[in-house]
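Residue strings, one per chain:
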Amino acid sequence: MDLQIIPKQETDLSYSQDTLAVKSIEYVLSLTHFDEAEIDDALIADVMNKIKEGEEDFYLYAGDDEESDRMEVVTDGVWLSLTCCFDLEDYYCSYNEQYSYTLPMLEEPDFSDMEVFTGLESGGQSPIPKLEAITDIEAGLKAVKYFIYTGKLYPGIAWIKDPCF
């Protein structure tokens, strides 16, 4: 299993906060949905706080159809998994190089192996490997905010392109 790693970049990470790229936000656990007209600074601050505290998971939709151009945010306040889909074809996950040694263990995974998995679940059912979750919550918050305003991957963290697990 080969990984396509997009390394963290030390480039200019500035962006405009004048225009939102995200058209809707879904609070997964509380089943609450906010449309573009409802997204304001207070809602974005609430999203950031709930991620930091590990209180809620989110779907952020930048596409018109809520299928393409989206980010899934799954967290427990210790681990943070970010998964993006663009054009229903290109998938990216946050990458934690510290757990790259677990890659061979993902070929025939034991989902109860806490050396390999975080305890988080994508969509409430698919176990998330530590390889796809970061513990630098502050960097993860920056990635989420960057996506909200740009609809793009944050270059300040590493990503895996087209993960196969």
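Scroll up to find the structure.
What you see is a predicted model; the values in this text were computed from it and never measured.

Definitions and limits used
Residues numbered from 1 in each chain as written. Predicted model: local features only at pLDDT ≥ 70, side-chain atom pairs only at ≥ 80, totals over all residues. Heavy atoms only, no water. Pairing = 2+ DSSP bridges. Helix = DSSP H or I, 4+ residues; strand = E, 2+ residues; numbered from the N terminus. Buried < 20%, exposed > 50% of the residue type's maximum accessible area, 1.4 Å probe, protein only. Core = buried A, V, L, I, M, F, W, Y, C linked by side-chain atoms within 4.5 Å. Contact = heavy atoms within 4.5 Å. Axes fitted to C-alpha atoms, helices over the stretch in contact; angles between N-to-C directions.

Caption draft 1: Main features of the pairing of strand E9 (residues 126-129). In the sheet, strand E8 (residues 117-122) pairs with E9 via three bridges, with the strands oriented antiparallel. Each residue of the ladder has a partner; that of Ser122, found in E9, is Ser126.

Caption draft 2: Seen up close, the side chain of Ser68. Tracing the sequence through the fold places Ser68 in the loop between strand E4 (58-61) and strand E5 (70-75). A relative accessible area of 12% means that Ser68 is categorised as buried.

Caption draft 3: Up close: the nonpolar core. By size, the foremost hydrophobic cluster in this structure holds 32 residues, and its most contacted members are Ile25, Leu60, Met71, Val73, Leu82 and Val144. Only strand E2 (24-27), helix H1 (41-53), E4, E5, strand E6 (80-86) and helix H2 (137-150) provide two or more residues apiece to this core. The leading source of residues in this core is H2, at nine residues. Residue contacts for Leu60: discarding those within four places in its chain leaves Val22, Ser24, Ile25, Asp69, Arg70, Met71, Val73, Val144, Phe147 and Ile148. Core analysis: the next-biggest nonpolar cluster, separate from the first, contains eight residues, Leu103, Leu106, Val116 and Ile160 among them.

Caption draft 4: Molecular detail of the sheet that holds E4. Strand order in the open sheet formed by eight strands is E1-E10-E7-E6-E5-E4-E2-E3, and the pairing between neighbours is antiparallel. Edge positions in the sheet fall to strand E1 (4-6) and strand E3 (32-35), since each has one partner strand and no second. The mean angle between the axes of side-by-side strands here comes to 20 degrees, regardless of whether they run parallel or antiparallel. The strands touched by H1 are E2, E3, E4, E5 and E6; relative to E2, the strand with the most contacts, the crossing angle is about 40 degrees. This element, H2, spans E4, E5 and E6 of the sheet and lies at about 25 degrees to E6.

Fair warning: the whole summary comes from geometry, so function is off the table for now.
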